[in-house]
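Structural overview for review
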Amino acid sequence: MRGTAILDRFELMGRGFTRFIGSGWFLTIVLALFAGSSALIAMSMKMSHYDEWWHLDIIRAYATQWSPRLDNDEVVPGMGDVQFTGSFLFHYLSSFPYRVIEAVAGDGFLTRMLMRLGGVALVTGGLFIYRQALLLILPSKAIANTVVGAFAGLPLMSFVAATVNYDNLLFLLSSLVFYGAFKVIRTDGVSLVWWIWFSALGCFASLTKFSFVPVFAALFVYLAIRYGAAIIRVVRSRPVTPPLRQLVAPVALFVIGAFFVVTRYVANLIRFGHPDPSCEIVADEAYCAEYVVWARNQEFLATFEPLEGSFGHMLTVLVDGWFRGTTQTLSWVGVREPGFEYLDSYGSALTRPLLFITTVVVVAFAIVLGHAISERFRAPIMIALGIHAAALFYLNYTNLLKYGLLFAYNARYFFPFVPGLLFLAVAGVAIALLRTTRRPHLIAASLFMFALLLMTQGGGPLTYLFAATPEWIHEDSPVTFLVEWGMRLAHWLM
């Protein structure tokens with residue numbers, strides 16, 4: 001009886017802890033810690049090894065003109081195809097703040113630092129919007145905040161947010177796309193306004209990065225199959241349309257987004273036979289040869305005899321090479337020195353094994369326990385993740401057969417879809433605990449504390465701080481002293 005009383009007391013404490021996790025204070029702390037840690041990296045590191053130089057060079061090129069279309073010429077050497085690619089929106093939009101910042105601060109580290117802080121703001125905003133989207137599925141602030149906290153704590157997340165790259169804008173837009181999709185579902189498909197918002201945001205996400213195109217198409221097909229008849233009936237039968245003020249913004253954005261989708265992807269498909277053609281199809285070989293990625297692939301092609309694929313070989317690559325390699329990049333951080341010399345790290349000896357095990361557990365929980373979430377919400381999450389994973393693996397595997405090397409796979413490519421996966425896992429566990437145990441809050445609080453313990457082995461900025469050396473830090477960084485203090489803390493923890 002005494003033991004039971006003690007456990008009951010701990011259960012009450014667990015309830016209080018759960019209420020705190022679901023509070024606005026906890027969310028504010030998570031977002032502030034994430035933004036602060038990302039800003040620390042943004043204000044200290046040299047050029048990020050995640051193609052930051054490439055993104056900045058294209059932004060500089062756009063900053064010399066007002067048109068949203070560059071030309072494949074000597075103005076942008078070494079950038080690959082910039083004229084016909086549909087993945088242009090981030091660079092074009094970023095050119096406008098860059099013009100102002102560069103005019104005031106010059107083209108040095110301060111400008112790069114401020115551009116990075118803009119990326120931190122994009123991802124932080126995306127975290128908040130994703131939280132709002134998850135609340136449309138299940139009105140549990142504790143679960144939604146836990147998902148945001150877990151995702152923000154991924155070792156790579158702060159580092160990518162601190163890098164100038166289009167993945168940050170894609171994360172914000174994808175959170176809005178899922179919010180729009182869940183709004184369509186929540187309204188049973190009868191809201192014309194949310195159909196237009198979803199379509200407009202999907203166009204802009206697709207114009208940020210081509211990899212989102214099949215995801216958006218799959219989500220649209222899913223919603224059309226499930227709710228298309230409902231919205232058609234509404235449009236046909238309702239004599240009064242939504243108020244004009246509700247339609248102006250989404251319709252205007254949809255028209256703009258659809259215009260660029262047609263003039264980029266559809267035009268490319270008609271003219272070149274592919275919505276995102278490779279460089280040699282749209283430009284001459286001399287121009288493409290200056291792009292290091294294209295030149296590298298040509299070297300592989302010239303020296304490697306193509307492989308013959310098989311189902312067994314594909315399965316081995318999928319499990320032992322691609323999946324394991326992708327999870328290991330969850331902690332891959334580094335900087336690029338002049339001359340393409342890289343300084344990088346995967347964290348401590350424990351970081352990668354823990355991330356691999358955690359990923360396997362999360363995926364298993366999402367698949368097995370995620371069925372507690374309504375199928376109408378669960379399906380779009382799994383469809384988006386599945387389509388993206390299949391498309392990326394297909395690209396990587398065919399490149400392996402063609403070039404003899406498995407490359408261009410990275411955990412950051414999955415960031416727009418990971419919050420949904422985490423939600424299915426966390427919500428599934430929470431619902432299972434409520435249904436099967438007498439003290440669900442005590443167990444949930446214990447699991448939460450265990451997750452915090454795991455995060456001490458590289459979560460948030462710790463992997464960067466553990467790996468960084470003075471060679472990683474830019475000489476003009478205004479926060480060198482903070483980084484040095486953080487390095488000591490990271491080495492003490494890890």
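Definitions and cut-offs
- Going along each chain's sequence as written, the residues are numbered from 1 onward.
- At least 70 in pLDDT is required for a residue's local features to be given in this predicted model, at least 80 for side-chain atom pairs to be given and counted, and no such filter applies to totals for whole chains, interfaces and linings, which use all residues.
- Only heavy atoms go into the side-chain values, all of them from the structure, while hydrogens and water stay out.
- A 1.4 Å probe rolled over the protein chains alone gives each residue an accessible area, and that area as a share of the maximum for its type sets the label: buried under 20%, exposed over 50%, partly exposed in between.
- The helix count covers DSSP runs of H or I at least four residues long, the strand count covers runs of E at least two residues long, and both are numbered beginning at the N terminus.
- Paired strands are those between which DSSP finds at least two bridges.
- Each axis is a line fitted through C-alpha atoms, and for a helix only the stretch in contact is used; angles between axes span 0 to 180 degrees, taken between their N-to-C directions.
- Any angle between 65 and 115 degrees counts as roughly perpendicular, while under 35 counts as roughly parallel, over 145 as roughly antiparallel, and the rest as oblique.
- Any pair of residues with heavy atoms lying within 4.5 Å of one another is described as a contacting pair.
- All amino acids are sorted into three groups, where Ala, Val, Leu, Ile, Met, Phe, Trp, Tyr, Cys and Pro are nonpolar, Asp, Glu, Lys and Arg are charged, and the leftover types, Gly among them, are polar.
- In this description, the term disulfide denotes a pair of cysteine sulfurs within 2.5 Å.
- Any helix carries an expected span of 1.5 Å times its number of residues minus one.
- Two axes define the bend at a residue: one fitted to the seven residues ending there, one fitted to the seven starting there, and the bend is the angle between them.
- When charges are counted, Lys and Arg contribute as positive and Asp and Glu as negative, whereas His and the chain ends are disregarded.
- Any Lys or Arg side-chain nitrogen located within 4 Å of an Asp or Glu carboxyl oxygen qualifies as a salt bridge.

1. Section: the pairing of strand β1 (residues 333-337)
With five of five residues buried, β1 lies mostly within the body of the structure. Relative to strand β2 (residues 341-345), β1 runs antiparallel, the two sharing five bridges. Residue pairing in the sheet places R336 in a bridge with Y342 of β2. Between β1 and β2, which pair antiparallel one after the other, the connecting turn spans three residues, and G339 there sits at a positive phi close to 85 degrees.

2. Thoughts on the packing of helix α8 (residues 166-186) against helix α10 (residues 212-237)
Packing of α8 against α10 brings their axes to within 11 Å, and their N-to-C directions diverge by 5 degrees. By the criterion of interaxial angle, the relationship of α8 to α10 is roughly parallel. Packed against α8, whose contacting residues are L170, S174, V177, F178, A181, V184 and I185, the element α10 presents F212, L219, L223 and Y227 at the interface. Partitioning the contact of α8 with α10 into residue classes produces 10 nonpolar, one polar and no charged.

3. Regarding the state of the cysteines
Here, disulfide denotes a covalent bond that connects the sulfur atoms of two cysteines. Enumeration over the complete set of coordinates arrives at one disulfide. Covalently, C279 is tied to C288 through a disulfide, its sulfur atoms 2.1 Å apart. Since a negative S-S torsion denotes a left-handed disulfide, the C279-C288 link at about -95 degrees is left-handed. Classification of C288 by relative accessible area gives buried; the value is 0%.

4. Notes on helix α15 (residues 311-328)
With 18 residues, α15 ought to run about 26 Å at 1.5 Å a step, and its terminal C-alpha atoms sit 24 Å apart, in line with that. Considering bend angle alone, the principal kink of α15 is centred on L318 and spans about 40 degrees. Every buried residue belonging to α15 is among V317, W322, G325, T326 and T327, and all of these are buried. Looking at the buried positions of α15, the neighbouring elements they touch are α16 (351-368) and α17 (375-403).

5. Some remarks on the side chain of R336
Looking at the element boundaries, R336 is found in strand β1. D57 provides the closest opposite charge to the buried, salt-bridge-free R336, at an N-O distance of 7.0 Å. The contacts of R336, once residues within four sequence positions are left out, are M47, S48, H49, W53, E341 and Y342.

Geometric descriptors of this kind do not, in isolation, establish any biological role.
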